[in-house]
Amino acid sequence: MTATDNTPTTGAAGPIGSKRAAEAARLRRTAWYANPRFKRLAALMGVALVGAQVTGEQGTNRDIFHAMRENMTGPGLWLWVGACLLIWVVREFLRAPVANAWSTARRAGTGPAERARTVWRRDPRLRMLALTALLVFLIVLPFLVSRHWQQVLVDQIAIYVLLAIGLNVVVGWAGMLDLGFIAFFAIGAYSAAFWTGSLPVAPPFELNNFAVIPIAVITCLVAGVLLGAPTLRLRGDYLAIVTLGFHEIVYLMAKNWVEFTGGTRGASVDRFSIDLGFFSYQWGLDPRPYYWLQLGFIVALLVLFIRLEHSRVGRAWTAIREDEVAAAATGVDTVRFKLLAFAIGASTSGVAGVVYASKLGFINSEFFIVLFSVLVLSYVIFGGMGSIPGVLLGTAILIWLPEFLRDTVPAQDRYMYLGALLVIMMIYRPQGLWPSRRRVRELHMAEEGTATRAMPAAGGRPATTGGDTPS
Amino acid sequence: MTTETKRAADRPAEGGAEPHPTILETSGVTLRFGGLTSLDHVDLAMRRGEILAIIGPNGAGKTSLFNSLTGAYLPQEGAITYRPRAGGEEELRGRKPFRVSRLGLARTFQNIRLFGALTALENVKIAVETRQRTDAVSIMLGLPHARRAERDSDRRAHEVMRFVGLEHRINELAASLSYGEQRRLEIARALATEPELLLLDEPAAGTNPTEKHDLEELIRRINTELGVSVLLIEHDMRLVMSVADRVAVLNFGRKIAEGTPGQVQRDPAVIEAYLGASDEEEAEAVADLVADLDAEHADDPEWRGGDRAAEGRSNDGEERP
């Protein structure tokens with residue numbers, strides 16, 4: 001706030017001063033290897049060694065040093081070292097010129113990319129066109145990929161996208177950490193099984209899978225409110241533990257209440273079907289019709305949720321996330337809005353559960369383990385909390401990666417790469433792949449300490465400064 | 001709905017039953033934190049439509065009183081009675097903060113608490129929208145009344161921003177505004193809830209003389225044009241003396257004086273609280289001195305005698321248990 005920290009750098013001039021200064025300069029000089037640049041080189045070489053070891057040959061029981069010997073002498077090591085050296089050279093020596101050229105081009109507004117950007121910003125029709133093109137691409141996507149990737153799209157990507165959209169409401173917008181999201185997914189899936197008459201216990205009347213969706217939504221809504229009402233006054237870590245506990249309860253019920261859920265043996269569920277009299281259709285083994293159905297659900301939910309984000313509800317969520325005390329003092333009913341976010345997230349998860357059960361045609365308790373809650377959360381954080389395109393992209397990439405690696409690395413190593421990607425991402429780009437603007441600002445303010453709240457309270461300080469912001 | 005309340009706030013109550021002349025009354029409010037008594041049987045009556053300033057050395061319990069009034073703290077004893085213009089009586093002690101806000105009490109914070117990552121306009125819109133009742137489902141479906149509510153809140157937020165003179169900064173991020181503008185934005189956010197009683201916690205802290213002057217004018221306009229009663233905590237004595245109708249003085253959680261600015265300035269108990277005079281003679285001497293200085297510097301806007309005195313005393317005040 002005030003300029004009092006400058007004193008150590010000034011002074012020390014004069015006959016004795018110069019000698020002292022030379023001494024100080026000698027002491028202050030750092031050895032070349034202590035230069036951060038070379039520290040980074042050393043770190044990258046370490047990465048190269050580990051990388052070569054990890055991607056190289058597997059070990060054998062007979063010779064414990066076999067893998068290490070092979071990998072440290074083979075060509076793999078040199079490839080890794082070369083690649084890392086290249087990264088280092090580019091980062092340390094070519095970064096500034098490239099960044100300069102980029103920013104000059106950007107400021108001048110020249111360059112084809114910049115011109116495209118301005119046109120893009122100015123014309124909303126163009127954006128609509130691009131969105132339509134994207135949608136058309138997504139509709140024809142199943143025709144362009146193999147059966148294996150169709151299955152991945154339907155069984156994993158589309159389901160997790162549905163889940164991630166729901167979790168984004170809770171974590172990204174309302175700022176509550178929910179580690180038990182899959183519990184509601186399970187409730188949705190078991191609702192589908194129950195109301196289609198697939199569980200050991202018969203329902204009062206059987207329903208079509210589509211008709212189960214509103215029931216599952218209401219069930220999850222009630223479950224979400226029942227869990228949320230007493231616990232939403234907790235903040236951060238405590239809420240995370242409560243939701244984790246809730247997940248464990250639901251999972252253990254699914255596993256151990258065999259007379260109702262079928263436990264680990266599971267239950268087979270009817271698949272989707274429509275019978276309107278004049279038109280009937282039965283979803284079968286082909287994954288593509290499910291994909292289009294899921295795409296429909298996703299687009300519908302996105303339209304609803306984007307409206308919500310830019311409304312009083314979305315703004316109230318942001319206010320609560322940023323400063324709950326100020327929000328309450330302004331008149332925002334914080335508990336009610338948090339409960340709303342929780343219930344919306346839960347019911348989205350429930351819809352995903354119905355879709356999942358009706359696609360697979362079979363569920364058991366092991367589909368609903370805690371790991372999946374953590375995975376969904378990591379997809380949301382990886383993509384960018386609070387940002388719809390980020391969440392979609394993040395989910396798609398993080399599911400695509402292990403599937404892609406299936407053919408290139410040993411199967412049991414796949415999730416190691418996923419973990420490494422998450423670690424690197426959180427260090428270098430904590431805001432996520434495609435962050436929301438509000439979140440980026442919050443992160444900036446937290447880093448620079450310029451959040452309004454961090455400003456001086458300045459009780460009776462004489463006001464002598466000009467009109468500029470004290471910082 | 002929002003516009004109706006505004007119009008109601010614009011005109012002084014007319015027709016029907018005359019509203020009770022006392023808008024807020026605290027009796028025996030006592031707040032303790034463990035062994036520390038922050039507020040000690042505070043009795044305070046605030047008249048409708050007045051500007052009441054609360055002064056006192058640091059740690060005297062001024063902000064604790066605000067927090068007790070707005071539901072952030074729960075005082076152990078006492079009653080806080082609020083009488084809305086519409087009639088009736090509301091007990092504020094133990095109410096949730098958002099309920100207090102809905103009854104018509106709005107506040108600002110000593111250390112500014114804006115939603116920094118939102119734009120200035122959005123900050124105000126949040127406050128406007130706490131008075132709306134549009135449900136999430138109609139918003140998601142984009143029903144006409146939800147769209148209308150959104151337009152209303154936009155219009156109303158623009159109005160409030162114009163009132164406080166920030167209409168040129170509406171699309172700036174709240175965190176990027178200057179300190180004085182942030183103070184003004186906080187007042188705008190409070191006003192957007194259409195309060196009958198506005199609680200300002202040191203609105204002039206950290207602002208420069210020009211901003212102080214603007215602020216003084218703004219507080220007067222809020223009081224006269226909008227008909228809002230203002231409860232003001234402030235250390236800047238010049239501002240307090242010029243803007244307040246009455247002044248109440250707190251010291252160690254107790255109300256030691258109340259009256260017009262002139263009365264309070266001459267009160268020996270007040271002078272003792274601020275200057276720590278040990279015996280009455282000295283207090284009298286100091287009072288004379290203060291009066292003389294005040295007369296001497298009456299035309300000088302830079303002279304802030306009381307404020308300087310407050311700073312001299314402040315350290316002792318904080319260290320006392």
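Residues numbered from 1 in each chain as written. Chains lettered and ligands numbered in written order. Predicted model: local features only at pLDDT ≥ 70, side-chain atom pairs only at ≥ 80, totals over all residues. Heavy atoms only, no water.

Within chain B, the secondary structure is distributed over 13 helices and ten strands. Each of the 321 residues in chain B was classed as buried or not, and the buried ones make up 55%. Long-range pairs, those at least 24 residues apart, make up 68% of the contacts in chain B with a sequence separation of at least 6. (Helix = DSSP H or I, 4+ residues; strand = E, 2+ residues; numbered from the N terminus. Buried < 20%, exposed > 50% of the residue type's maximum accessible area, 1.4 Å probe, protein only. Contact = heavy atoms within 4.5 Å.)

We now examine the packing of helix α12 (residues 287–309) of chain A against helix α15 (residues 334–360) of chain A. All names here are of chain A. Closest axis-to-axis distance for the α12/α15 pair is 11 Å, and the angle between their directions is 175 degrees. By the angle between their axes, α12 is roughly antiparallel relative to α15. Only Ile-344, Thr-348, Val-351, Val-355, Ser-358 and Lys-359 of α15 make contact with α12, whose side of the interface consists of Tyr-290, Gln-294, Phe-297, Leu-301, Phe-305 and Leu-308. Its residues assigned to classes, the contact of α12 with α15 shows eight nonpolar, three polar and one charged. (Axes fitted to C-alpha atoms, helices over the stretch in contact; angles between N-to-C directions. Parallel < 35°, antiparallel > 145°, perpendicular 65-115°, else oblique. Nonpolar A, V, L, I, M, F, W, Y, C, P; charged D, E, K, R; others polar.)

Attention now goes to the nonpolar core. Counting 107 residues, the largest nonpolar core has Leu163(A), Phe184(A) and Trp317(A) as its most contacted members. Counting residues per element, this core draws most heavily on helix α7 (residues 147–173) of chain A, which supplies 17 residues. Residues within four places of Leu163(A) in sequence aside, it is in contact with Phe181(A), Ile182(A), Phe185(A), Ser349(A), Ala352(A) and Val376(A). The next biggest cluster of nonpolar side chains, apart from the first, holds 49 residues, and it includes Ala106(B), Leu166(B), Leu185(B) and Leu191(B). (Core = buried A, V, L, I, M, F, W, Y, C linked by side-chain atoms within 4.5 Å.)

All names here are of chain B. Note that strand β9 (residues 246–251) and strand β10 (residues 254–259) share five bridges and pair antiparallel. In the sheet register, Val-249 faces β10, and the bridge partner there is Ala-257. Hairpin connection, β9 to β10: the antiparallel pair is bridged by two residues, and Phe-252 has positive phi, about 45 degrees. (Pairing = 2+ DSSP bridges.)

Moving on: the UniProt feature "transmembrane region" (unreviewed entry) in chain A. Residue and element names in this part refer to chain A. Taking the numbering used here, the UniProt-annotated feature "transmembrane region" (unreviewed entry) corresponds to residues 76–94, 126–145, 157–174, 181–198, 210–229, 290–308, 367–400 and 415–434. Secondary structure across residues 210–229 divides into 100% helix and 0% strand, with the first and last C-alpha atoms of the span separated by 29 Å. Annotation note: span residues 367–400, helix share 79%, strand share 0%, distance between end C-alpha atoms 19 Å. (UniProt positions renumbered as here; feature names shortened; annotations may be inferred.)

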